[in-house]
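Here's the letter readout for the chains.
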Amino acid sequence: MNEKEKARKGLLYDNNNDPLLIRERTYAKDLCHDYNQLRPSSINERKAVIKQLVGKAGKNFHIEQPFWCDYGYNIELGENFYANHNCVILDCAKVTFGDNVFIAPNCGFYTAGHPLDVEQRNQGLEYAYPITVGNNVWFGGNVVVLPGVTIGDNSVIGAGSVINRDIPSGVIAAGNPCKVIRAITEEDKKKYWKS
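Reference entry: report on the structure contained in this document. (Residues numbered from 1 in each chain as written. Predicted model: local features only at pLDDT ≥ 70, side-chain atom pairs only at ≥ 80, totals over all residues. Heavy atoms only, no water.)

### Observations regarding the pairing of strand β7 (residues 87-90)
Under the convention used in this document: Classification of residues uses two cut-offs on accessible area relative to the type maximum, computed with a 1.4 Å probe and protein chains only: under 20% is buried, over 50% is exposed, and between them is partly exposed. Every helix listed is a DSSP run of H or I at least four residues long, and every strand listed is a run of E at least two residues long, numbered separately from the N terminus. Strands pair, by our definition, only if DSSP identifies at least two bridges between them.
Covered by surrounding structure in β7 are Cys87 and Ile89 only, the residues Val88 and Leu90 on the alternate face being uncovered. Note that strand β4 (residues 67-69) and β7 share 3 bridges and pair parallel. The residue of β7 that forms the bridge with phenylalanine 67 is cysteine 87.

Structure, rendered in structure tokens:
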């Protein structure tokens, strides 16, 4: 089994020294660099680079610059995906976003982790667990999503949260570590209405 196959199975793998992974990661980072150098008004060119980079993208998406990822091919973007400035997706495993996902600035989605054992860590070994984000999810600024997390549909994640466990559908969650604060209710629909 090669290192890429180990990563896909959630096993420890050598990400630092494997020639194939280094080559694929360099290719993705070159595309990210190209993307980040494009003029903000070059919408068609920007979309073309993202479509070349990611594994799957809906028809309607927008990613503000700068944007960085590890491989790109492990990222799936649903319809109406929006990521604000400084989004980082370390996609050593699959990162799947549903439809209508809105990401504020400075958010990170990190599938990679490193062993607690110093000898394994010093060998360059790591693991990668997928991240799954449902439909209609909003992330406030500076949110960090850690390996193996699933976030349910229709949830809101408060700014500055560190998500290290699954978040159910239809809730407001925030904090470090991120915890459910409350369910989103019918009253929330009226919060911003003017009389």
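Here the narrative resumes.
### A short note on the pattern of salt bridges
Defined as follows: For this analysis, a salt bridge means a side-chain nitrogen from Lys or Arg found within 4 Å of a carboxyl oxygen belonging to Asp or Glu.
The full count for this structure, using the stated rule, is 8 salt bridges. Among the ionic pairs, lysine 6 bridges to glutamate 3, the shortest N-O distance being 3.0 Å. Of this pair, lysine 6 and glutamate 3 both sit in helix α1 (residues 3-8), 3 residues apart, which is roughly one turn of the helix. Across the salt bridge formed by lysine 4 and glutamate 24, the nearest N and O atoms sit 2.8 Å from each other. In this pair, lysine 4 sits in helix α1 while glutamate 24 sits in helix α2 (residues 19-37), placing the two residues 20 residues apart along the sequence. Like glutamate 24, lysine 4 is buried.

### Considerations on α2
To keep it simple, the criterion reads: An expected span of 1.5 Å times one less than the residue number is assigned to each helix. Arc definition: it is the arc formed by the directions from the helix axis to the C-beta atoms. It only takes one pair of heavy atoms within 4.5 Å for two residues to be counted as in contact.
The end-to-end C-alpha distance of α2, which contains 19 residues, comes to 27 Å, matching closely the 27 Å that a straight helix rising 1.5 Å per residue would cover. Of the residues making up α2, those classed as buried are Leu21, Glu24, Arg25, Ala28, Leu31, Cys32, Tyr35 and Asn36. Along the long axis of α2, the arc covered by the buried residues comes to 135°, so they all point the same way. In α2, the exposed positions that point more than 90 degrees away from the buried face belong to Pro19, Arg23 and Gln37. Of the surrounding elements, those touching the buried residues of α2 are α1, β1 (13-14), α3 (43-53), β3 (61-63) and β4.

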